[in-house]
Amino acid sequence: MPPLRERKTDILLLADHFLEKYAKENFRETRRFSTPAIDMLMAYHWPGNVRELENCIERAVLLCGEEGVIHTYHLPPTLQAGSETNTLTSLTLDAAVAALEKDMVIDALKNTRGNATLAAQMLKTTVRKFNYKSKKNMINYRDYR
């Protein structure tokens, strides 16, 4: 069976089914989706397929409360595109990777109380590479003892 992203017509049918199921199960009066919510459901690529859609609708029904209509703000943030929520990243890919790398090095040092050898093992890299990354990011392991 093809992935859900290739069966766009099934998304609304399944969403309506899950809406009815979870509304009944949770004693809610939720009956429909707003048009922007439908657009958001249809635009998403659904890497988790039907299971992800089901979890998304269950969450939306619970968050919706007694409103009766599921709006975009009831849907998980993962469905919301950066252009719609005005949260597009201003970082380049290189800058984002560098920031992630620095955060991971610091986190590993915190978890190992400044032990570079254990931190390197935690990140599944060599001590030499770990020390290179630390120096490149101006991180001193002694600061985390």
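To be clear, the structure that these remarks concern was listed above.
Attention here is on the structure that accompanies the text. One numbering rule holds for all chains: residues counted from 1, following each sequence as written. Given that this is a predicted model, residues contribute local features only at a pLDDT of at least 70 and side-chain atom pairs are listed and counted only at 80 or more, while totals for whole chains, interfaces and linings are drawn from all residues. To obtain the side-chain values, all non-hydrogen atoms of the structure were used and water was disregarded.

So, the pattern of salt bridges
The working definition used for a salt bridge is a side-chain nitrogen of Lys or Arg within 4 Å of a carboxyl oxygen of Asp or Glu. By the definition in use, this model includes 5 salt bridges. A salt bridge links Asp 10 to Arg 7; its shortest N-O distance comes to 3.0 Å. Burial classes follow relative accessibility: with a 1.4 Å probe on protein chains only, a residue under 20% of its type's maximum area counts as buried, one over 50% as exposed, and anything between as partly exposed. With relative accessibility at 23%, the residue Asp 10 sits in the partly exposed group. Salt-bridge contacts for Lys 133 lead to Glu 101; the nearest nitrogen and oxygen are separated by 3.0 Å. Residue Lys 133 is found in helix H7 (residues 127-136), and its partner Glu 101 is found in helix H5 (residues 93-111); the two are separated by 32 residues along the sequence. According to the relative accessible area criterion, Glu 101 is buried, its value standing at 18%. The network of salt bridges with common partners includes Glu 101, Lys 133 and Lys 136. Helix and strand assignments follow DSSP, with helices taken as H or I runs no shorter than four residues and strands as E runs no shorter than two, numbered in order from the N terminus.

Some points on the layout of surface pockets
The rolling of a water-molecule-sized probe over the atoms marks out the regions of remaining empty space. Residues are said to line a cavity or pocket when one of their atoms sits within 4 Å of a point; the points come from a 1 Å grid over protein atoms alone, cavities being sets where a 1.4 Å probe fits but cannot get out and pockets being open sets with protein on both sides within 12 Å along at least five of seven lines. Grid points are joined across faces, edges and corners, and a volume is the space filled by probe spheres set on the points. If you add up the space inside the largest pocket, you get close to 160 Å³. Lining of the largest pocket is provided by Glu 101, Met 104, Val 105, Leu 123, Thr 125, Lys 129, Phe 130 and Lys 133. Side-chain classes are defined by residue name, with Ala, Val, Leu, Ile, Met, Phe, Trp, Tyr, Cys and Pro counting as nonpolar, Asp, Glu, Lys and Arg as charged, and the others, Gly among them, as polar. A per-class count over the lining of the largest pocket returns 4 nonpolar, 1 polar and 3 charged.

As for H5
Expected helix span is given by 1.5 Å per residue-to-residue step, counting one fewer step than there are residues. Between its first and last C-alpha, H5 extends 27 Å over 19 residues, near the 27 Å set by a 1.5 Å rise per residue. All buried positions along H5 are accounted for by Glu 101, Val 105, Ile 106, Ala 108 and Leu 109. Buried residues in H5, looked at end-on, bunch into an arc of 160°, giving them a common side. Summarising the geometry of H5, the exposed residues directed more than 90 degrees from the buried face are Leu 93, Leu 100, Asp 103 and Lys 110. Residues are treated as being in contact if the distance between any of their heavy atoms lies within 4.5 Å. On the buried face of H5, the contacting elements are helix H6 (116-122) and H7. Immediately beyond the C-terminal end of H5, within one or two residues, lies Arg 113, with a positive phi of roughly 55°. The directions considered for the arc are those from the helix axis to the C-beta atoms.

What about the packing of aromatic side chains?
Two rings belonging to Phe, Tyr or Trp (six-membered ring only in the last case) form a pair when the distance between their centres is within 6.5 Å. Interplanar angles under 30 degrees mark stacking, angles over 60 mark edge-to-face geometry, and anything in between is tilted. Applying the stated criterion across every chain, the model contains 1 aromatic pair. Note on Tyr 44 and Trp 46: the rings are 4.7 Å apart at their centroids and 90° apart in plane angle, and the pair reads as edge-to-face. For the residue pair Tyr 44 and Trp 46, the accessibility class agrees, reading buried in each case.

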